[in-house]
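The residues making up each chain are set out below.
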Amino acid sequence: MRSLFAGLTTRGRAFLAAGAATALFGLAISQPTLLSIGGLLVVLPLLSAMVAIRGRYRISCTRDVSPTRVPAGQVAVVSVHLGNVSRLPTGLLLAEDALPYELGSRPRFVLDRIEPGGSRVLSYRVTPDHRGRFTVGPLQLRVADTFGLVRIAAATTTTTTLTVTPAVTSLAQATLAGTWVGEGGSRASSAALAGEDDVVPRPYREGDELRRVHWRSTARRGELMVRREEQRWRNRATLFLDTRAAGHAGRGPASSFEFAVAAAASIGVHLAREEIDGEFVTDVGMVRASGSFEDVLLDTLAVIQPSRGRELTSGLADFPRKENGLLVAVLGHLNAGQAQELAIARPTAGPAMALLLDVATWSGHHFPADAAAGTSATSSILRSAGWRVATVTAGTPLRTAWQALTHHYQSAGWAHAAQADAIPVDPVPASPGPAGPAKGVAR
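Residues numbered from 1 in each chain as written. Predicted model: local features only at pLDDT ≥ 70, side-chain atom pairs only at ≥ 80, totals over all residues. Heavy atoms only, no water.

1. Overview of the environment of aspartate 64
Item 1. Note on placement: aspartate 64 falls in strand S1 (residues 59–66).
Item 2. Using a relative accessible area of 46% as the deciding quantity, one classes aspartate 64 as partly exposed.
Item 3. When the C-alpha atoms of aspartate 64 and valine 136 are compared, they prove to be 9.8 Å apart, with 72 residues separating the residues in sequence.
Item 4. Apart from residues lying up to four places away in sequence, aspartate 64 is in contact with Val77, Val78, Ser79 and His81. (Helix = DSSP H or I, 4+ residues; strand = E, 2+ residues; numbered from the N terminus. Buried < 20%, exposed > 50% of the residue type's maximum accessible area, 1.4 Å probe, protein only. Contact = heavy atoms within 4.5 Å.)

2. A look at the sheet that holds strand S8 (residues 139–144)
Item 1. With antiparallel pairing, four strands are arranged side by side in an open sheet as S5-S4-S8-S9. Since the sheet does not close on itself, it has two edges, and those belong to strand S5 (108–111) and strand S9 (151–155), each with one partner. This sheet shows a mean twist of 20° between the axes of neighbouring strands, independent of strand direction.
Item 2. In this sheet, S8 lies alongside strand S4 (residues 92–97) in antiparallel orientation, the contact comprising six bridges. Counterpart to leucine 92 in the pairing with S8 is alanine 144. (Pairing = 2+ DSSP bridges. Axes fitted to C-alpha atoms, helices over the stretch in contact; angles between N-to-C directions.)

3. Observations concerning the pattern of salt bridges
Item 1. On inspection of all chains with the given rule, the structure shows twelve salt bridges.
Item 2. Where aspartate 295 meets arginine 69, a salt bridge forms, and the shortest distance between an N and an O atom there is 2.6 Å. On the criterion of sequence distance, the pair formed by aspartate 295 in helix H7 (residues 293–303) and arginine 69 in strand S2 (residues 69–71) is long-range, its members being 226 residues apart.
Item 3. The exposure class assigned to aspartate 295 is partly exposed, which follows from its relative accessible area of 31%.
Item 4. Put simply, arginine 120 and glutamate 115 hold a salt bridge, and the shortest N to O gap is 3.0 Å.
Item 5. Residue classification places arginine 120 among the partly exposed positions, given a relative accessible area of 26%.
Item 6. A relative accessible area of 31% places glutamate 115 in the partly exposed class. (Salt bridge = Lys/Arg side-chain N within 4 Å of Asp/Glu carboxyl O.)

4. Some points on unusual backbone geometry
Across residues other than glycine, the phi torsion is negative in most instances, and most of the peptide bonds are trans.
Item 1. Note that the residue after serine 66, namely proline 67, is joined by a cis bond; omega there is -10°.
Item 2. With respect to the helices and strands, the residue proline 67 is situated in the loop between S1 and S2.

5. A closer look at helix H11 (residues 398–406)
Three- or four-residue spacings in an α-helix give side chains the same orientation, since the helix completes a turn every 3.6 residues.
Item 1. In terms of burial, H11 is largely enclosed, as seven of its nine residues are buried.
Item 2. Leu398, Thr400, Ala401, Trp402, Ala404, Leu405 and Thr406 are the residues of H11 that are buried.

6. So, the side chain of arginine 212
Item 1. By the element assignment, arginine 212 lies in the loop between strand S11 (201–203) and helix H5 (215–221).
Item 2. Arginine 212 sits in the buried class, given a relative accessible area of 10%.
Item 3. A polar atom in the side chain of arginine 212 sits 2.8 Å from the backbone oxygen of arginine 227. (Polar contact = N/O pair within 3.5 Å; in protein donor to acceptor, adjacent residues only side chain to side chain.)

7. Some details on the packing of helix H6 (residues 256–273) against H7
Item 1. Where H6 contacts H7, the axes come no closer than 9 Å and their chain directions differ by 170°. In this view, H6 runs roughly antiparallel relative to H7, as classed from their interaxial angle. Counted together, Val261, Ala264, Ala265, Gly268, Val269, Ala272 and Arg273 of H6 and Phe293, Glu294, Leu297, Leu298 and Leu301 of H7 form the full contact between these two elements.
Item 2. Residue composition of the contact of H6 with H7, grouped by class: nine nonpolar, one polar and two charged. (Parallel < 35°, antiparallel > 145°, perpendicular 65-115°, else oblique. Nonpolar A, V, L, I, M, F, W, Y, C, P; charged D, E, K, R; others polar.)

What follows is the structure, encoded as structure tokens:
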């Protein structure tokens with residue numbers, strides 16, 4: 001009985017009060033007509049409440065999110081399927097889906113009725129601006145009668161998780177210099193041009209050079225096929241991300257940490273789509289999870305937070321030591337000792353590249369004044385150990401930074417390109433450094 005009165009609207013309570021008063025007045029003056037009218041006014045909201053309560057628990061709800069993992073700034077479509085599993089039609093339904101504030105305002109829907117055994121699909125779009133893992137739902141339902149006398153709230157139990165990854169930037173394809181492992185860039189190029197049978201073709205992707213088209217496979221498959229310029233070290237890559245809070249500056253989406261996360265996501269996806277097996281390592285250690293490299297990387301970066309550690313030791317311990325492979329590091333601010341530690345931690349074979357963030361340009365008020373000098377010293381230490389380094393400032397497009405890091409250059413022409421892009425790019429020196437002989441660069 002208490003639930004009946006709890007669902008009455010202001011109009012329903014007014015009907016009930018007016019009906020009771022009319023019935024009492026008609027009983028007092030012995031007027032059957034007034035008694036009947038009062039009884040009708042009392043019974044009508046009570047009957048509406050009983051019907052609404054019955055319909056409250058007879059509605060099924062399922063929800064689909066497509067896609068379940070979406071980059072920040074992209075659209076995801078949420079579809080809510082409502083079904084009436086009772087033998088009676090529902091009354092007026094007011095539906096509101098619960099959303100975290102990061103996904104926008106809560107969508108609201110009005111349904112006149114759902115026939116017995118019928119269903120309705122409610123769809124809406126969300127465009128998340130920030131990465132994270134968010135719970136969509138549950139759906140809040142309010143069952144109302146036609147007269148507006150009763151409105152009973154109910155909630156479904158079904159929820160769905162939407163994973164928002166960092167925004168992924170499409171990076172230019174580039175053949176990284178094979179001479180860094182002593183094989184010579186001409187070997188890969190000659191294989192691509194001569195069309196040797198051991199060069200496995202793959203479908204053409206936008207940005208591939210037409211000179212790499214494998215015409216025999218194209219004729220056989222009926223679609224453009226290009227040669228993979230396979231090199232020993234390109235079969236494997238290690239992606240390292242510096243997540244130390246002490247190594248970054250700025251706040252929110254405009255911080256150097258968020259830039260580093262987006263850079264790691266874009267580079268990792270780029271490597272994965274080049275069919276390179278990868279491993280993801282942070283300053284905390286290697287990320288070990290089941291699934292493909294791309295899936296593990298994006299799921300991890302969707303929820304990653306700055307670490308409280310101040311050193312890179314735990315992460316560097318998980319670097320491959322003797323395997324050939326590419327090493328790409330996205331770095332925050334490092335002191336001289338940390339830079340030396342990172343420099344000697346690179347694998348014994350294979351190229352090593354670093355995007356070094358000049359974090360002082362993200363927030364000059366919350367970082368030491370000599371941070372720029374420290375960034376330059378870190379760059380010099382890494383270059384001496386055979387790394388290719390691109391120093392990136394706030395406002396630099398990631399695509400430009402990647403081109404600066406991977407571009408095949410000649411010393412004269414590259415100096416002009418680097419100056420035009422306003423990115424300090426440090427070539428690998430020809431002379432040996434303190435941490436071992438530097439690797440040559442293809443000319």
